[in-house]
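Chain residues, written in single-letter form:
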Amino acid sequence: MNSGDTGFIMICAALVFFMTPGLAFFYGGLVRRKNVVNTIMACTAIMGLSVVMWVLFGYSLSFGTNHGGVIGDLKWFALNGIKMDEAGPYADNIPHLVYVAFQMMFAIITPALITGSLVGRVKFKALFFFIMLWSIIVYYPMAHMVWGQGGFLGEIGSVDFAGGNVVHISSGVSALVFSIILGRRKGYENTAYRVHNIPFVALGAFILWFGWFGFNAGSALGANGLAAHAFMTTAIASASAMLSWMIIDVIKDGKPTLVGAATGLVVGLVAITPGAGFVPIWSSFIIGALVSPICCFTISFLKGKLKIDDALDAFGCHGIGGVWGGIATGLFAKSSINSVARWDGLVFGDVHLFLMQLAGIVVTIAVAVVGTLICLGIVRLFTPLRVTDREEKVGLDISEHGESAYPTFNGLDS
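**Student:** Break down the overall build of the protein chain for me, with residues and values.
**Tutor:** Each helix and strand counted, the protein chain has 15 helices and 2 strands in total. In terms of overall size, the protein chain behaves like a compact globule, its C-alpha atoms giving a radius of gyration of 21 Å where 414 residues would be expected to give roughly 22 Å. Its C-alpha atoms give the protein chain principal-axis dimensions of about 60 × 50 × 40 Å. With 414 residues in all, the protein chain has 57% of them scored as buried. Taking the intrachain contacts of the protein chain between residues at least 6 apart in sequence as the baseline, contacts between residues at least 24 apart amount to 76%.

**Student:** Report on helix 8 (residues 198-217), specifying residues and quantitative values.
**Tutor:** Spanning 20 residues, helix 8 covers 29 Å between terminal C-alpha atoms, matching the ideal 28 Å at 1.5 Å per step. The sharpest bend along helix 8 measures roughly 30 degrees and falls at G211. Summarising the contacts, the buried residues of helix 8 are in contact with helix 1 (3-17), helix 2 (19-30), helix 4 (96-114), helix 7 (164-182), helix 9 (225-253) and helix 10 (258-272).

**Student:** Got a sec to walk through the side chain of K123? Specific residues and values, please.
**Tutor:** Considering the arrangement of structural elements, one finds K123 in the loop between helix 4 and helix 5 (124-147). Buried within the structure, K123 lacks any salt-bridge partner; E400 is the closest side chain of opposite charge, at an N-O distance of 4.0 Å. The residues touching K123, leaving out its near neighbours within four places in the chain, are T383, P384, L385, R386, V387, E391 and E400.

**Student:** Explain the nonpolar core to me, and be specific about the residues and the numbers.
**Tutor:** Of all hydrophobic cores here, the largest spans 125 residues; its most connected members are F26, W54, Y59, F130, Y139 and F215. Every residue in contact with Y139, bar those within four places of it in the chain, is listed here: W54, Q103, F106, A107, T110, W134, W147 and V166.

**Student:** Requested: an account of the environment of I71, with residues and values cited.
**Tutor:** Mapped onto the elements, I71 comes out in the loop between helix 3 (36-63) and strand 1 (87-88). In the structure, I71 is positioned 77 residues away from G148 in sequence and 8.3 Å away in space, judged by C-alpha atoms.

Quick notes on the rules
- Residues numbered from 1 in each chain as written.
- Predicted model: local features only at pLDDT ≥ 70, side-chain atom pairs only at ≥ 80, totals over all residues.
- Heavy atoms only, no water.
- Helix = DSSP H or I, 4+ residues; strand = E, 2+ residues; numbered from the N terminus.
- Rg over C-alpha atoms; globule rule 2.2 N^0.38 Å.
- Buried < 20%, exposed > 50% of the residue type's maximum accessible area, 1.4 Å probe, protein only.
- Contact = heavy atoms within 4.5 Å.
- Expected span 1.5 Å × (residues − 1).
- Bend = angle between axes of the 7 residues up to and from the residue.
- Lys, Arg positive; Asp, Glu negative; His and termini not counted.
- Salt bridge = Lys/Arg side-chain N within 4 Å of Asp/Glu carboxyl O.
- Core = buried A, V, L, I, M, F, W, Y, C linked by side-chain atoms within 4.5 Å.

Given below as structure tokens:
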């Protein structure tokens, strides 16, 4: 084991951990004033729930002994048998416990991404139990299929460096399905939903950008050249996407916006995630520049034509951005950069990886759709999915938590 690699991955894990609070601010700034606490609370509760579940059985199901290429087992229940000074089967240069901690951060932020499509109308209890079930039915199997030993998608040659399938497509598609079943917010077609706190949005995006370097570079599982490569592709793609979205804002409205720039940098991060450690540096300019118009068009189509209330564009940004990232990996990956990729991408004359990337995307979408429907069906047996009309009108901060992000000062100190 290598102490430098160990320290590097622990720092990366800490960076990734702060991405979920960053997401909470990003989402919290985008919603209406009366739903800020509820939006941030959703991410907060998921952090606690995900850690407990991951340590008890999530890691073991994701990375334990393979069963059918789909799921692990419970041999590491409550981390039993994992010693702090021994390497594990997935990285011989760092302690097994460090690998567990790093992967735990992915299990935290992934379900939190779903909450962006549901703000303003989902019952907190229903969301809590949905996330619990979704982690078991969707996330743990996806993590095993992509990254676990013997996992189906890994075995067929589909690659995902840091979570295009596992994190973004799975959560984005699930967010879309949940939002459709949940229904639109009251008065959706007649209400202008304005961003209530742009500095919150920018702060959240900057925290996400900072943490994402740990997300992608840390997936090299060592302080090495591959980590540096992933770091640079991440920086370039996010910067290119931010500039691209700013151009779109200018073309559409005549002015660049801070919300647009923040959204652009986030979708750029999403797009480069599956290929950060596989694609050449020059291709990250293309991946980032193209993801903004792709996501912007999807968001406009969903809300304008289909009237789907994906409130904060979780599917439009993470689902579609992740799909483009997976396809782009099949286009631009080179096995000389990372031998985990068995073939070069389509632009280099080999079609095999491109086809396997498409297969991985299709499988991920299918698992997310079916898994989400199962989870919602179970949750509905115990609680309504949606708050009442009155609770929605009052706001979920008051109706679900009895708190207000911006209380009146009249009588506050009495």
